[in-house]
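One-letter residues, chain by chain:
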Amino acid sequence: MILDRPAYVRTLGWLGQVVCAGDAAWIERPLPWGDWDARGSWPYQSLPSIDLLEGLSGVRQRHQGSELDSRRLLTWTGVIRPDAVLDAAFEDRLAASATQSNWQWQPLKPHLCHRPDRPAARDGYSRRTRRRLHEAHQRLRVEREVLDQRHHTMARWQAQLQAARGIPQASSPDREHFMQLIALAARDPREIAVITLRHRADNVLCGLLLALHDRGEPSSWHAHSLLCDSDARRAFGAYALFDAAIEHFGAEPIWWGGQPASAEGVWRFKQRFSNTSAPAHLMCLELDPERLQAVRLKRPGYRWLPDYRNPEVEMR
């Protein structure tokens, strides 16, 4: 999956220091008292591979072809994709690696999906949804386009969305992320797709939906960003983009994203275009149990993973 690969993880520099080890990558983050820990990809990823497990354990830590003198890490924590299956194969993989760590697993939040083997969401649109789609198409034109140099526009719309909805910094990509995504799309346009909105009156770009393609078994699409300017939002452009995504990608599952901590209206909006859901999970691997025990004796514990990080701080 593209979200698991070092080339993609390198785009996540706003989250911390990216470290690559062979075919695996993770993000290292400092803690206020001097320790470090690691997190996985964003917005989620597959279950840890053997490369990731061994890289985290220090067996094969390399960075740009040279040996990396890596700091000890307390834990690695990842958001695991909602269609992942935690089975014996993963436990065997963990047992076979040099990590040999304790691990924790807990549901994070539900994620909505449109699956082709379920009754189509389009067949169940309400009259209100159909009316809004009609209004959107009267004013806006929807197209599947090649992702080109729009990173400034995407970053501006993302910043506006973050301010309007109070999105945590950890869930709000920056300009550098979008710029690197565009470079990845140029290398393999089959994996990153964009559906755009343009004003019919002047053909000016006013919104887009960015999606990532997982060509594994089974293959699926994962919505990455839905971004619009204020005029397009008022013209129900988001309705047109989600509906177009079902038209273009609906032969495979489309994962729309998770339930926001606030903004209940966003969740209800996504439900219009969904026909199933499943939870993403948090997974935490304990990489330095001895040091971790000392930290836990001195620090408050939280119902979060890792349990020494305050979720109120993490979700600012």
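Residues numbered from 1 in each chain as written. Predicted model: local features only at pLDDT ≥ 70, side-chain atom pairs only at ≥ 80, totals over all residues. Heavy atoms only, no water.

Here the focus is the pairing of strand 7 (residues 103-114). In the sheet, strand 7 pairs with strand 13 (residues 276-286) via 10 bridges, with the strands oriented antiparallel. Residue pairing for strand 13: cysteine 113 is matched across the bridge by threonine 276. Where strand 7 lies against strand 12 (residues 254-258), four bridges are found, and the strand directions are antiparallel. Each residue of the ladder has a partner; that of histidine 114, found in strand 12, is isoleucine 254. (Pairing = 2+ DSSP bridges. Helix = DSSP H or I, 4+ residues; strand = E, 2+ residues; numbered from the N terminus.)

Orientation of helix 5 (residues 151-165) relative to helix 6 (residues 175-187), taken along the N-to-C sense of each, is 140°, at an axis distance of 8 Å. Accordingly, the angle class assigned to the pair helix 5 and helix 6 is oblique. Between helix 5 and helix 6 lies a crossing whose hand is right-handed. For the pair formed by helix 5 and helix 6, the contact residues are His151, His152, Met154, Ala155 and Gln158 on the first element and Arg175, Phe178, Met179 and Ile182 on the second. Within the contact of helix 5 with helix 6, the residues separate by chemical class into five nonpolar, three polar and one charged. (Axes fitted to C-alpha atoms, helices over the stretch in contact; angles between N-to-C directions. Parallel < 35°, antiparallel > 145°, perpendicular 65-115°, else oblique. Left-handed = near helix turned anticlockwise from the far one by under 90°. Contact = heavy atoms within 4.5 Å. Nonpolar A, V, L, I, M, F, W, Y, C, P; charged D, E, K, R; others polar.)

Strand pairing in a sheet relies on backbone hydrogen bonds, with the paired strands running either antiparallel or parallel. Read across the sheet, 11 strands follow the order 1-2-3-6-13-7-12-11-10-9-8 without closing on themselves; strand pairing throughout is mixed. Lying at the two open borders of the sheet, with one neighbouring strand each, are strand 1 (17-21) and strand 8 (140-145). Each neighbouring strand pair of the sheet contributes to a mean axis angle of 30°, computed without reference to strand direction. Judged from the four bridges that link them, strand 2 (residues 24-30) and strand 3 (residues 36-39) form a sheet pairing that is antiparallel. When the sheet's bridge partners are listed, arginine 29 is paired in strand 3 with aspartate 37.

Quick look at helix 5 now. Between its first and last C-alpha atoms helix 5 spans 21 Å; for 15 residues at 1.5 Å apiece the expected length is 21 Å, and the two agree. Along helix 5, the positions that sit buried rather than exposed are His151, Met154, Ala155, Trp157, Gln158, Leu161 and Gln162. The buried residues of helix 5 occupy an angular sector of 165° when projected down its axis, which confines them to one face. Away from its buried face by more than 90 degrees, helix 5 exposes His152, Ala163 and Ala164. (Expected span 1.5 Å × (residues − 1). Buried < 20%, exposed > 50% of the residue type's maximum accessible area, 1.4 Å probe, protein only. Arc of directions from axis to C-beta.)

So, about the packing of helix 4 (residues 127-139) against helix 8 (residues 237-249). Direction vectors running N to C along helix 4 and helix 8 enclose 100°, while the axes themselves pass 8 Å from each other. Comparing their axes, helix 8 and helix 4 come out roughly perpendicular. Taken together, the residues of helix 8 that come into contact with helix 4 (itself represented by Thr129, Arg132, Leu133, Ala136 and His137) are Tyr239, Ala240 and Asp243.

Next up on the list: the packing of aromatic side chains. The tally for this structure, following the rule as stated, stands at 12 aromatic pairs. Between tryptophan 221 and phenylalanine 249, the aromatic rings sit 4.0 Å apart at their centres with planes inclined by 20°, giving stacked as the arrangement. Taken together, the residues span a long stretch of sequence, with tryptophan 221 in strand 11 (residues 220-228) and phenylalanine 249 in helix 8 at a distance of 28 residues. The same class applies to tryptophan 221 and to phenylalanine 249, which are both buried. Seen in terms of ring centroids, tyrosine 239 and phenylalanine 269 are 5.1 Å apart; in terms of plane orientation they differ by 75°. Their pairing is edge-to-face. Note that tyrosine 239 is positioned in helix 8 and phenylalanine 269 in helix 9 (residues 264-271), a separation of 30 residues in sequence. Like phenylalanine 269, tyrosine 239 is buried. Members of the aromatic cluster, connected to one another through ring pairs, are Tyr125, Phe236, Tyr239, Phe242, Trp256, Phe269 and Phe273. (Phe/Tyr/Trp six-rings, centres within 6.5 Å; stacked < 30°, edge-to-face > 60°.)

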